[in-house]
Protein chains: 2
Amino acid sequence: MQRTRFSSMSCPIARSLEHVGEWWSILILRDAFQGLTQFDQFQKSLGIAPNMLSRRLNALVESGLLERRRYSERPPRDEYVLTERGRDFRPVMWAMLAWGNKHFAPEGPSVVVVEAETGAVADPVLVDRNSGKVMTHTTFRSAPGPAADATTRARHARRAAQSAPEVRT
Amino acid sequence: MQRTRFSSMSCPIARSLEHVGEWWSILILRDAFQGLTQFDQFQKSLGIAPNMLSRRLNALVESGLLERRRYSERPPRDEYVLTERGRDFRPVMWAMLAWGNKHFAPEGPSVVVVEAETGAVADPVLVDRNSGKVMTHTTFRSAPGPAADATTRARHARRAAQSAPEVRT
């Protein structure tokens, strides 16, 4: 199936999805965060078909989230190591983990995030580093940035008009 | 293509992907966060084929992220409104937005998150609500939770062994 190239959209979420918007890509990253680096390790962990795994690993390398490194010449073997861009995805993953634990784990969490030093269970929450405030859907909203195109500006303008307090005369 | 049912995996990330792990689903949620509710609005915003949009909206309703509400009887018309579960996904979206802005917006951000009251641009960062610490890949890690199965425990045990300091004799 032909799909839209999200990178042609200016939305940063659409552009992110161009690189990780695929079930397997995100699960490969999850495993990479857990220290897996080799093709066979990913394959065993995910139960994914080799040609599909190969395709997803290549895409993650092309997107700059993983780096391919030759670790054996005979036989030729590569490993896949997270780049800075790949490591920076971890907060997204943890935010997703917290959401999954809250909404799709009726039997209790099977995976949690802990502080490495103390082992204390963390409660991941998104905070504005500038103001220190927890970011909720009532206190924060998206807005056009400096590089916004006309579509992005129009979309936000329409929403601002919708949510403006009604004026009754 | 037949794909794995991620819900049979115990990993909360895999379970989340069962519900949102699809480009269109996440973009539909993005639009819903911006106040879109009607089929035609989503279609115009996304340029998605009607049958595909219909399928993705139904899936989001089944997953409990959107609620279908009849707003017109003649002609019959439904709108799609975010549930609490859907709204709770917004931090994941914002974390993804921040990652996209950092890594895939060479021309500068086209969308930012702002504080609703002041309009001040936010810098979204994941924080442990319990300790107040920013969650980085060096200071936090995932660990088996109370409902972890044998596979999850084994995976974490292997990683713990790998990352243990080397003992030189």
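This one's a predicted model, so the numbers in the text were calculated from it and none came from an experiment. (Residues numbered from 1 in each chain as written. Chains lettered and ligands numbered in written order. Predicted model: local features only at pLDDT ≥ 70, side-chain atom pairs only at ≥ 80, totals over all residues. Heavy atoms only, no water.)

1. Thoughts on the overall build of chain A
Now for step 1: On a plain count of helices and strands, chain A comes out with seven helices and five strands.
Now for step 2: For chain A, the sequential pattern of α-helices and β-strands runs α-α-α-α-β-β-α-α-β-β-β-α.
Now for step 3: Counting the 169 residues in chain A, one finds 50% classified as buried.
Now for step 4: Contacts in chain A between residues at least 24 apart in sequence constitute 29% of all its contacts with a sequence separation of at least 6. (Helix = DSSP H or I, 4+ residues; strand = E, 2+ residues; numbered from the N terminus. Buried < 20%, exposed > 50% of the residue type's maximum accessible area, 1.4 Å probe, protein only. Contact = heavy atoms within 4.5 Å.)

2. Details of the relation of the copies chain A and chain B
Now for step 1: Take chain A, turn it by 180 degrees, move it 0.0 Å along the axis, and it overlays chain B with an RMSD of 0.0 Å. The superposition operator between the copies reduces to a two-fold rotation axis. Distance from the rotation axis, computed per C-alpha, reaches its smallest value in chain A at A:L126: 2.3 Å.
Now for step 2: The share of interface residues of chain A whose copies in chain B are also at the interface is 100%, consistent with both copies meeting through the same surface. (Least-squares fit on C-alpha atoms with pLDDT ≥ 70 in both.)

3. Thoughts on the pattern of salt bridges
Now for step 1: As enumerated under the stated definition, the model contains 18 salt bridges over all chains in all.
Now for step 2: B:K102 is paired through a salt bridge with A:E84; the nearest N and O atoms lie 3.6 Å apart. Residue B:K102 is found in helix 6 (residues 90–103), and its partner A:E84 is found in helix 5 (residues 84–87); the two belong to separate chains.
Now for step 3: Of the residues examined, B:K102 reaches a relative accessible area of 53% and is grouped as exposed.
Now for step 4: A salt bridge links B:D88 to A:K102; the shortest N-O distance between them is 2.8 Å. Taken together, the residues B:D88 in the loop between helix 5 (84–87) and helix 6 and A:K102 in helix 6 (residues 90–103) connect one chain to another. (Salt bridge = Lys/Arg side-chain N within 4 Å of Asp/Glu carboxyl O.)

4. Focus on the environment of A:A154
Now for step 1: Its place among the elements puts A:A154 in helix 7 (residues 150–163).
Now for step 2: Considered as a pair, A:A154 and A:T138 are 16 residues apart in the sequence and their alpha carbons are 21 Å apart.

5. Focus on the environment of B:I26
Now for step 1: The residue B:I26 is located in helix 2 (residues 23–33) in this model.
Now for step 2: A relative accessible area of 6% means that B:I26 is categorised as buried.
Now for step 3: Along the chain, B:I26 and B:M93 lie 67 residues apart, while their C-alpha atoms are 8.1 Å from each other.
Now for step 4: Those residues within four positions of B:I26 in sequence are excluded, and the remaining contacts are A:I13, A:L17, B:V20, B:M93 and B:M96.

6. Some remarks on the interface of chain A and chain B
Now for step 1: Counting residues at the interface gives 95 residues for chain A, matched by 95 residues for chain B.
Now for step 2: Of the roughly 8,900 Å² buried at the junction of chain A and chain B (both faces included), carbon and sulfur atoms supply 63%.
Now for step 3: Among the residues of chain A in contact with chain B, A:W23, A:Q34 and A:W99 are the three that bury the most area, contributing 10% of the side total.
Now for step 4: The interface formed by chain A and chain B contains 10 salt bridges.
Now for step 5: Scanning the region where chain A abuts chain B turns up 38 residue pairs in polar contact (both at pLDDT 80 or more). (Buried area = accessible area lost by both parts, 1.4 Å probe. Polar contact = N/O pair within 3.5 Å; in protein donor to acceptor, adjacent residues only side chain to side chain.)

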